Amino acid sequence: MAWTRDAMLALDARDPVAASRDAFDLPPGVIYLDGNSLGALPRATRARLAQVVDREWGVDLIRSWNSADWITLPTRVGDLIAPLIGADAGEVIAADSTSANLFKLAAGAVTMQRRQNAGQGRRVILSEPGNFPTDLYVMQGLADLLGDVELRTVPAEGLADALTPDVALLLLTHVHYKTGRVHDMAALTAKAHAVGALALWDLSHSAGALAVDLNGCGADLAVGCGYKYLNGGPGAPAFLFVARRHQDALHPPLSGWMGHAAPFAFGDDYQPAPGILRHLCGTPPVIGLSALEEGVKVMAGADRDALFAKSRRLGDLFLELVDQRLGAHGFQVLCPRDSARRGSQVSLGHDQGYAIVQALIERGVIGDFRAPEVLRFGFAPLYIRYVDIWDAVDHLADIMETGLWREARFHERAAVT
Ligand SMILES: *Cc1c(COP(=O)(O)O)cnc(C)c1O
């Protein structure tokens, strides 16, 4: 059927999670399809940050570590994130950046494997080419540091066969940042376990975007991002997950004082805290964690089944409209068409992708561009409406039909794309 703008408005009117948009402060005239890069600002965050800065820091000063409960923020936020990713309370902590957490968990996993399988030659970290750059860079640095560890990358189709007994750790991003393709977490984790490897999942484009069931899949370890679908704000702290069964055996490589069993005993010798707490390193970033807590609360309070069903529908409709209206303009669909295999984003390929995205941004439709040719549109289901999908494709069609993208100003590259 040929969609109309009115049909989209009707879908919005019937949307059971439409009201969650009211929790956000969105600028007028903007269609924000980049919540997969930086989530929008929840209204509650502004008041919370004013409270943290003006009262807790400004007046109560250091007493706030106790009186405002700053000290429990990392575990409190971790416990709020846990149900979003199929983890239990006590298995998730908010800390550091995703990059740092990748290092912490991968180094911990590889050295745990070494202790538990002495002499078995398990020395490979397996990932895929084209994984998010930081995931590969951090593993390259870790391999260099440890000396006897190798990073091996194998294209997605070959991963199951590449799980051989020399693999210590499988590291994959659940939803691919460029193509939106979803890995079969349950099957790949089971295959990893069958050869004695551990599985570490990067949930940066999954948490808050689609249903994730870490414990249902038997996952060992996971990391993820706080500033994307969790709406924690620019540079928000990330999170990490360690399955309960590994918590005593996994030693943190960054054995900082905040992960000590008794940080305020100020002893000379490191003793890891029990449970997930040992994966803290230094003093928690209170302002960032407070903002993240507000972002996660919005997601935690929503009907996630309805939210994730909506997010799949938004992607399907976007693709239908692209087929309907952009057929003649040289776009390729780079994401899976099957919404069960796609994250909450649509990726299109076009050799003029950069300029087209800049022209869209000038029109108030904010998506992003990923080199060399990917136009990426993220659908944060908490605040994107069906009518936004229509209007975004409408602008895109107009930019292509008028050739607006050809104008010189859309071809100048900024530092951040
Ligand atoms: C966004 C993203 C990150 C971000 O890592 P930072 O340390 O926060 O810069 C890491 N991995 C993936 C897969 C991502 O999408």
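Residues numbered from 1 in each chain as written. Predicted model: local features only at pLDDT ≥ 70, side-chain atom pairs only at ≥ 80, totals over all residues. Heavy atoms only, no water.

Trainee: Pulling in residues and values, what's your account of the domain arrangement of the protein chain?
Mentor: Per the domain assignment, the segments of the protein chain are domain 1 (5-17 + 303-411) and domain 2 (50-300). Put simply, the middle of domain 1 and the middle of domain 2, counted by C-alpha atoms, are 31 Å apart. Taken together, the contact between domain 1 and domain 2 spans 24 residues of the former and 20 residues of the latter. Here domain 1 meets domain 2 over a buried area of about 1,600 Å², counting both sides, of which 57% is carbon and sulfur. For the domain 1 face of the interface with domain 2, the top three residues by lost area are Arg304, Phe308 and Leu382, together amounting to 34%. On inspection of domain 1 and its partner domain 2, the count reaches zero salt bridges. Linking domain 1 with domain 2 are nine residue pairs in polar contact (both at pLDDT 80 or more). Looking at the side of domain 1 that touches domain 2, the elements that each hand over two or more residues are α10 (304-325), β12 (345-349) and β15 (374-378). The residue inventory of the side of domain 1 that touches domain 2, partitioned by class, reads 13 nonpolar, six polar and five charged. (Domains from an automatic or database assignment. Contact = heavy atoms within 4.5 Å. Buried area = accessible area lost by both parts, 1.4 Å probe. Salt bridge = Lys/Arg side-chain N within 4 Å of Asp/Glu carboxyl O. Polar contact = N/O pair within 3.5 Å; in protein donor to acceptor, adjacent residues only side chain to side chain. Helix = DSSP H or I, 4+ residues; strand = E, 2+ residues; numbered from the N terminus. Nonpolar A, V, L, I, M, F, W, Y, C, P; charged D, E, K, R; others polar.)

Trainee: Quick rundown of the nonpolar core? Include the residues and the values.
Mentor: Core analysis: the biggest nonpolar cluster contains 102 residues, and Ile85 and Phe318 have the highest contact counts within it. Of all the elements, helix α12 (residues 386-402) adds the most residues to this core, at 10 residues. There are two domains that each give this core at least three residues, and those are domain 1 (5-17 + 303-411) and domain 2 (50-300). Phe318 has contacts with Leu33, Val346, Leu348, Phe377, Phe379, Ile389, Ala392 and Val393, leaving out every residue within four places of it along the chain. Core analysis: the next-biggest nonpolar cluster, separate from the first, contains 27 residues, Ala95, Leu142, Leu171 and Leu250 among them. (Core = buried A, V, L, I, M, F, W, Y, C linked by side-chain atoms within 4.5 Å. Buried < 20%, exposed > 50% of the residue type's maximum accessible area, 1.4 Å probe, protein only.)

Trainee: Kindly report on the UniProt feature "modified residue: N6-(pyridoxal phosphate)lysine" (unreviewed entry) in the protein chain, identifying the contributing residues and their values.
Mentor: With numbering aligned to this structure, UniProt lists the feature "modified residue: N6-(pyridoxal phosphate)lysine" (unreviewed entry) at Lys228. Take Lys228: it is sitting in the loop between β9 (221-224) and β10 (238-242). Apart from the residues within four sequence positions on either side, Lys228 is in contact with Gly35, Asn36, Ser37, Gly39, Ser204 and His205. (UniProt positions renumbered as here; feature names shortened; annotations may be inferred.)

Trainee: Quick one: what's the story with the sheet that holds strand β4 (residues 92-95), residue by residue and with numbers?
Mentor: The pairing of strands in a sheet comes from backbone hydrogen bonds and takes either a parallel or an antiparallel form. Strand order in the open sheet formed by seven strands is β4-β10-β9-β8-β7-β5-β6, with mixed pairing between adjacent strands. In this open sheet, the two edge strands, each paired with only one partner strand, are β4 and β6 (150-153). Strand-to-strand, the axes of this sheet are offset by a mean angle of 20 degrees, without reference to chain direction. Alignment of strand β5 (residues 124-127) against strand β7 (residues 167-173), held across three bridges, turns out to be parallel. From the neighbouring strand, Leu126 faces β7, where its bridge partner is Leu170. Contacting β7 and β8 (198-202), helix α8 (residues 185-194) crosses the sheet at an angle of about 150 degrees to β8. (Pairing = 2+ DSSP bridges. Axes fitted to C-alpha atoms, helices over the stretch in contact; angles between N-to-C directions.)

Trainee: Please set out the packing of aromatic side chains residue by residue, giving values where relevant.
Mentor: On inspection of all chains with the given rule, the structure shows nine aromatic pairs. Ring geometry for Phe24 versus Tyr383: centroids 4.8 Å apart, planes at 55 degrees, classification tilted. Taken together, the residues span a long stretch of sequence, with Phe24 in strand β1 (residues 24-25) and Tyr383 in the loop between β15 and α12 at a distance of 359 residues. Here Phe24 and Tyr383 have matching classes, each one buried. On the basis of an interplanar angle of 70 degrees and a centroid distance of 5.5 Å, the ring pair of Trp257 and Phe264 is categorised as edge-to-face. Judged by its relative accessible area of 38%, Trp257 falls in the partly exposed class. (Phe/Tyr/Trp six-rings, centres within 6.5 Å; stacked < 30°, edge-to-face > 60°.)

Trainee: Explain the environment of Leu136 residue by residue, including any values.
Mentor: Looking at where Leu136 falls in the secondary structure, it is placed in helix α6 (residues 133-146). Along the primary structure Leu136 and Asp6 are separated by 130 residues, whereas in three dimensions their C-alpha atoms are 45 Å apart. Excluding residues that lie within four positions of it along the chain, Leu136 makes contacts with Ser127, Glu128, Gly130, Asn131, Leu151 and Thr153.

Trainee: So, the pattern of salt bridges: which residues are in play, and what are the values?
Mentor: Evaluation of the coordinates by the stated rule reveals 27 salt bridges. In this structure, the salt-bridge partner of Asp25 is Arg46, at a minimum N-O distance of 2.4 Å. Here Asp25, found in strand β1, pairs with Arg46, found in helix α2 (residues 43-57); they are 21 residues apart in sequence, far enough to count as distant. The salt bridge involving Glu293 is made with Arg76; its shortest N-O contact spans 3.0 Å. With a gap of 217 residues between them, Glu293 in helix α9 (residues 286-300) and Arg76 in helix α4 (residues 73-81) connect regions that are remote in the sequence. A residue is classified by how much of its surface remains accessible, and Glu293, at 6% relative accessible area, is buried. It is possible to trace a salt-bridge network through shared partners that takes in Arg48, Asp69, Arg76, Glu293, Glu294 and Lys297.

Trainee: Can you explain the pairing of β9? Please cite residues and give values.
Mentor: Every regular strand shows the same layout, with side chains that alternate between the two sheet faces. Of the two faces of β9, the one carrying Leu221 and Val223 and the one carrying Ala222 and Gly224 are both buried. The pairing of β8 with β9 spans three bridges and is parallel. Pairing of Asp202 across the sheet is with Val223, part of β9. Across four bridges, the pairing between β9 and β10 is antiparallel. Looking across to β10, one finds that Gly224 is bridged to Phe239.

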